[in-house]
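Remarks on the overall topology
Read off the chains here:
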Amino acid sequence: MKVFVTGGSGFVGREILRQLHAAGHSIRLLARHPNSKHVQQDAARFNAEIHPGNVLDPASLTTGLANIDAIIHLVGIISEIGSNTYENVHTRGAQNMVTAAQQAGVKRFLQMSALGTRPKAIARYHQSKWAAEEIVRRSGLDWTIFRPSIIYGPDDQFVNLFARISKFSPALPVIGSGQSKLQPVPVADVASSFVRALKEPQSIGQTYDLAGRDVLSFVEVLDAILAVTNRKRLKLHIPMGLARFQAAALEFIFPKLLGKAPPLNCDQLIMLGEDNSGNPERANALFHLRPTPFREGIASYLKA
Ligand SMILES: NC(=O)c1ccc[n+]([C@@H]2O[C@H](COP(=O)([O-])OP(=O)(O)OC[C@H]3O[C@@H](n4cnc5c(N)ncnc54)[C@H](OP(=O)(O)O)[C@@H]3O)[C@@H](O)[C@H]2O)c1
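Residues numbered from 1 in each chain as written. Predicted model: local features only at pLDDT ≥ 70, side-chain atom pairs only at ≥ 80, totals over all residues.

Our next topic: the nonpolar core. The biggest cluster of nonpolar side chains holds 77 residues, and the ones touching the most others in it are Val5, Ile16, Ile71, Ile72, Ala101, Phe194 and Ile225. The greatest single-element share of this core, amounting to seven residues, is contributed by helix α4 (residues 86-104). Non-local contacts of phenylalanine 194, meaning those with residues more than four positions away in its chain, are made with Ile16, Ile72, Leu110 and Phe146. (Core = buried A, V, L, I, M, F, W, Y, C linked by C-beta atoms within 7 Å. Buried ≥ 20, exposed ≤ 12 C-beta atoms within 10 Å, placed from the backbone. Helix = DSSP H or I, 4+ residues; strand = E, 2+ residues; numbered from the N terminus. Contact = placed C-beta atoms within 7 Å.)

Our focus in this paragraph is the site of the ligand. Not every one of the 24 residues close to the ligand is listed here, only the nearest: Gly7, Ser9, Gly10, Val12 and Gly76. No other element matches helix α1 (residues 11-22), which puts three residues into the shell around the ligand. Across the shell around the ligand, the residue classes break down as 14 nonpolar, nine polar and one charged. (Near = placed C-beta within 6 Å. Nonpolar A, V, L, I, M, F, W, Y, C, P; charged D, E, K, R; others polar.)

Here we have seven strands laid out as an open sheet, ordered β3-β2-β1-β4-β5-β6-β11, and parallel in their pairing. The open sheet terminates on both sides in strands that have one partner only, identified here as β3 (49-52) and β11 (206-210). Taking the axes of each pair of neighbouring strands and ignoring which way they run, one obtains an average angle of 20° across the sheet. The pairing of strand β1 (residues 2-6) with strand β2 (residues 26-31) spans four bridges and is classified as parallel. Counterpart to valine 3 in the pairing with β2 is isoleucine 27. On the sheet, α1 packs against β1, β2 and β4 (70-73) and is oriented at approximately 170° with respect to β1. (Pairing = 2+ DSSP bridges. Axes fitted to C-alpha atoms, helices over the stretch in contact; angles between N-to-C directions.)

Looking now at the pairing of strand β5 (residues 108-112). The buried count for β5 comes to five of five residues, which makes it a mostly enclosed element. With burial as the criterion, each face of β5 is covered, one bearing Arg108, Leu110 and Met112 and the other bearing Phe109 and Gln111. Pairing of β4 with β5 involves four bridges; the strand directions are parallel. Paired with isoleucine 71 across the two strands is phenylalanine 109, which belongs to β5. Read from β4 through α4 to β5, the crossover connection turns out right-handed. Of the strand pairs in this sheet, β5 and strand β6 (residues 142-148) are connected by five bridges, and their pairing is parallel. Residue glutamine 111 lies in a different strand from β6, and its bridge partner there is isoleucine 145. Regarding topology, helix α5 (residues 124-137) serves as the crossover connection from β5 to the parallel β6, and that connection is right-handed. (Right-handed = clockwise from strand over helix to strand, strands pointing away.)

We now examine the packing of α1 against helix α7 (residues 187-197). Running from N to C, α1 and α7 cross one another at 55°; their axes reach a closest spacing of 9 Å. Looking at the two axes, α1 sits oblique to α7. When you trace α1 past α7, the crossing you get is right-handed. Side by side, α1 and α7 meet where Phe11, Val12, Glu15, Ile16, Gln19 and Leu20 of the first sit next to Val187, Ala188, Val190, Ala191, Ser192, Phe194 and Val195 of the second. Classifying every residue of the contact of α1 with α7 by side-chain character gives ten nonpolar, two polar and one charged. (Parallel < 35°, antiparallel > 145°, perpendicular 65-115°, else oblique. Left-handed = near helix turned anticlockwise from the far one by under 90°.)

In this section: helix α8 (residues 218-229). The terminal C-alpha atoms of α8, which comprises twelve residues, lie 17 Å apart, in line with the 16 Å expected from a rise of 1.5 Å per residue. Inspection of α8 places Phe218, Val221, Leu222, Ala224, Ile225 and Val228 among the buried residues, and these make up the whole buried set. Looking straight down α8, one finds its buried side chains confined to an arc of 155°; they lie on one side. At the exit of α8 stands asparagine 230, carrying a positive phi of roughly 60°. (Expected span 1.5 Å × (residues − 1). Arc of directions from axis to C-beta.)

It is the contact of α4 with α5, at a shortest axis distance of 8 Å, that shows an interaxial angle of 10°. Regarding the angle of α4 to α5, the classification is roughly parallel. Residues Tyr86, Glu87, His90, Thr91, Ala94, Gln95 and Val98 of α4 form the contact with α5, whose own contacting residues are Arg124, Tyr125, Ser128, Lys129, Ala131, Ala132, Ile135 and Val136. A breakdown of the residues in the contact of α4 with α5 according to their chemical character gives eight nonpolar, four polar and three charged.

Structurally, alanine 191 can be placed in helix α7. The sequence separation of alanine 191 and glutamate 15 amounts to 176 residues, and the corresponding C-alpha distance is 6.2 Å. The residues contacting alanine 191, other than those within four sequence positions of it, are Val12, Glu15, Ile16 and Gln19.

In structure tokens form, the structure reads like this:
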């Protein structure tokens, strides 16, 4: 198949490119920064065509869909900056991509969503992902929606962040009680689900939770990272009120003074306070996933 991938330069996207290539698909990659070194390198490695464009610019999408059999729409942000708001990137971006697919006659559409996405969600991230799901469900396309819990793997920004902090700091930060449940899922399993869904007509019109074997509190996730890296560190609990104050300050300072999205924002705090676990059985069965224990999964790259 010839597959158009958005968000292919990101953490999950690069693993999807790798698996698409390994499965013999050809790839056209939407890129905001087509000349960046890693986009060029990945395009060469996975024999992908680069299509310059942005999901916020509808005209840049339609021209990329000639001779495409399926779209994998991954674009997403965890922090807002300027016009890259959750609503614009997730909801308007999905609408633009769906419209381009309809105009180009590309029927198959795989949509990246997230666990916790639901009607009347509290976090704006989840609200915007829910609105995107609704657009995809009403599109008339042959859609499949995936909702992963937190995703881990060699290049993740989560496990690696805390592993790095634990290298230098005597304490690891825990916001609030750290008792909300997560079900971390390996990036390789997320990518396999997308790639196998392309050849799986049963997945059309379905929404799948993607979640790992273990349901762990945030504190248990940190304990697993410490166990694997063979370190002992204190956990410094930051009261939610103080964290909100810090996040609000970062949201103001980072975009205004540094021109960057903040490393922590108020929406993320809402999500950190919610459980993020699901039921991966349907996806595991259909896409032949064999869930790995979290500790084993992170040991494969943290130790290296
Ligand atoms: N990571 C997780 O734990 C997790 C969990 C659940 C769901 N998800 C979802 O999975 C998807 C991928 O996440 P990720 O962790 O791989 O994120 P990531 O590493 O930040 O990658 C995001 C991708 O989106 C692209 N992008 C952002 N805004 C764009 C725009 N306006 N037009 C075109 N491309 C744009 C980025 O391109 P540039 O390279 O140009 O910035 C990048 O390729 C997202 O939808 C996210 O919500 C992630």
